[in-house]
Amino acid sequence: MNEKVKERLLSVLCAVISIGLFLGFWWWGTQRTQLGKLLPDPGTVFTAMCGYITGTVGKCSLLMHMLSSLRRVLIGFVIGSLAGVSLGLLMGRYALARAVFNPLYRVIRPIPPIAWIPISIIWLGLGEQAKIFLIILAAFANTTLNAMTGARDVDPELINAARMLGAKEGQIFRTIVIPAAVPAIFAGLQVGISSSWASVVAAEMIKAENGLGWIIQAGMDNNNMSQILAGIIMIGVGGFALTCIMRTIEGVMCRWNKSGR
Amino acid sequence: MGDKEKVSVNHLTKKFGDLLVLDDVSFEVMDGDLLCVVGPTGCGKTTFLNSLVNIYRITSGEILLDGRQVDTRKQNIAYIFQGDSTMPWLTVEENVQFGLNLKKVPSGEKKERVEKYLDIVGLTKYRKFYPKQLSASMLQRVSIARAFATEPELLLMDEPYGQLDIELRFKLEDELVRLWEMTKTTVIFITHNIEEAVYLGNKIMVLTNKPTTVKKTIINDLPRPRDIASPKFVELRNQVTDLIRWW
């Protein structure tokens, strides 16, 4: 068995042990302490989740709710990150773009997406557009900064090497700045996707007819703790899955960034 | 070497603020020369080279390549830097191709040239490797292949072997001489290593301390392959050392 397989097995084993211990404490807490009055035990939540997956919560199954949230995230994330990466690359490379856009961006960036909820409702109503607007903002804020840093920190020797080989500014941007910034862009996309996922849940908790945020909100309205926990767990699972997918894409796009043979 | 002037530098002056680095430097490089430029540490050798190709804007003077102002977009110039300048996201093969893509060399010819120069620098076997998977000497060979593949009119090299161990340096020096003899490219090679300058150059230009001027240009007609232990080699090396000596 080679080292990599061993390492992988060890990390899986550690994950199983830590999750197992967490579930064990949860179960013990609900059976032996006052926690039982606040929380159902893991078995009850698991059974409820299975029921929500095979049956319905509200108008559709738990997985369909998750897909509704996912759809919103993907639309908002793609638009927000495309805008963010484009603006970030321009600001990173061109001093004029940085001088024009950076002051405004620095003011907007620290504002959490949920602070935009009232404005988004006033501007766009309670439908899909307002939710997607919040996700666009969440993705935009994080990806812009990283793309800007990546484009600004390109090794000047690479730019000079390309210039010496006859590259024009447009070619330098396309063939040097963009590829060199890819690892930084992916770091921003990772944060952006997590932030988008968090924002969709917040947006759905305000007003929605489906989605994981709606499940939690409806669970609270009905005092159904299992439903709330099922929603929370699916948020965790969805976020984890998105991060894994993003990491896999990064692994393919940045395979050149690994050392050793 | 040719009797045609390839590079003509007239009254080149470069200041950084109030600091005068290059002071009214004038010289010519003939077509097909392998000119080694040596000088005391910190005398401004890299500034000198960067000024030649507009990486630094010159304060005054004129630099002509084939009688025209230097323009890297219009003239075929290649530059090998002191540090690694391979594109880390491109494989060895793609790195060698990089300049050819920029210059829109037809694909058949591009393929031929890539094969030829990968073979010359001994990297055919590593064509699919990324720079992070290569050693320092291999990286420098990629840069050399990338530069020569464009078949430049002028090749500038800024202490390209400064960070390599002696064995690799000797190997790459021989490789450079072989490529230069094959292609007859005009080369300006900056080094602080006097032995390297005497081993490589058919001319050696000695610079002074700052503010830098040209102290002397020496014709080096020692036969190749050169023997670093031969009395004539040692004599020339001592002559250059005496010219550089500031202590």
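Calculation criteria
Residues numbered from 1 in each chain as written. Chains lettered and ligands numbered in written order. Predicted model: local features only at pLDDT ≥ 70, side-chain atom pairs only at ≥ 80, totals over all residues. Heavy atoms only, no water. Helix = DSSP H or I, 4+ residues; strand = E, 2+ residues; numbered from the N terminus. Contact = heavy atoms within 4.5 Å. Axes fitted to C-alpha atoms, helices over the stretch in contact; angles between N-to-C directions. Parallel < 35°, antiparallel > 145°, perpendicular 65-115°, else oblique. Left-handed = near helix turned anticlockwise from the far one by under 90°. Nonpolar A, V, L, I, M, F, W, Y, C, P; charged D, E, K, R; others polar. Pairing = 2+ DSSP bridges. Buried area = accessible area lost by both parts, 1.4 Å probe. Salt bridge = Lys/Arg side-chain N within 4 Å of Asp/Glu carboxyl O. Polar contact = N/O pair within 3.5 Å; in protein donor to acceptor, adjacent residues only side chain to side chain.

(A) Highlighting the environment of Leu123(B). All names here are of chain B. Residue placement: Leu123 occurs in the loop between helix 3 (107-120) and helix 4 (136-149). A sequence separation of 15 residues divides Leu123 from Met138, and the C-alpha atoms of the two residues are 7.7 Å apart. Sequence-distant contacts of Leu123, defined by excluding residues within four places in its chain, comprise Val92, Leu118, Met138, Arg141 and Val142.

(B) Looking closely at the packing of helix 9 (residues 212-221) of chain A against helix 10 (residues 225-253) of chain A. All names here are of chain A. In the contact formed by helix 9 and helix 10, the axes pass within 7 Å of each other and the chain directions differ by 160 degrees. The orientation of helix 9 relative to helix 10 falls into the category roughly antiparallel. Crossing geometry of helix 9 relative to helix 10 is assigned as left-handed. Contact residues: helix 9 offers Leu212, Ile215, Ile216, Ala218, Gly219 and Met220, while helix 10 offers Gln227, Ile228, Gly231, Ile232, Met234 and Ile235. Residues of the contact of helix 9 with helix 10, tallied by class, amount to nine nonpolar, three polar and no charged.

(C) Structural context of the sheet that holds strand 8 (residues 186-190) of chain B. Residues and elements named next belong to chain B. Taken together, the six strands give an open sheet; going across it, the order is 6-7-8-3-9-10, and neighbouring strands pair in mixed fashion. Two strands in the sheet have a free side with no partner beyond their single neighbour: strand 6 (77-80) and strand 10 (214-219). Averaged over all neighbouring strand pairs, the angle between strand axes comes to 15 degrees, with direction disregarded. Where strand 3 (residues 34-38) lies against strand 9 (residues 203-207), four bridges are found, and the strand directions are parallel. Paired with Val38 across the two strands is Val206, which belongs to strand 9. Sheet strands touched by helix 4: strand 6 and strand 7 (154-158). Its angle to strand 6, the strand with the most contacts, is close to 170 degrees.

(D) Spotlight on the interface of chain B and chain A. Across the contact, 29 residues belong to chain B and 24 residues belong to chain A. Note on chain B versus chain A: buried area summed over both sides is about 2,300 Å², and carbon and sulfur give 66% of it. Linking chain B to chain A there are zero salt bridges. Run the count over chain B and chain A and you get five residue pairs in polar contact (both at pLDDT 80 or more). Breaking the side of chain B that touches chain A down by element, the ones donating at least two residues are strand 6, helix 2 (92-102) and helix 4 of chain B. Its residues assigned to classes, the side of chain B that touches chain A comprises 15 nonpolar, eight polar and six charged.

Without other data, these values stay purely geometric and don't point to any function.
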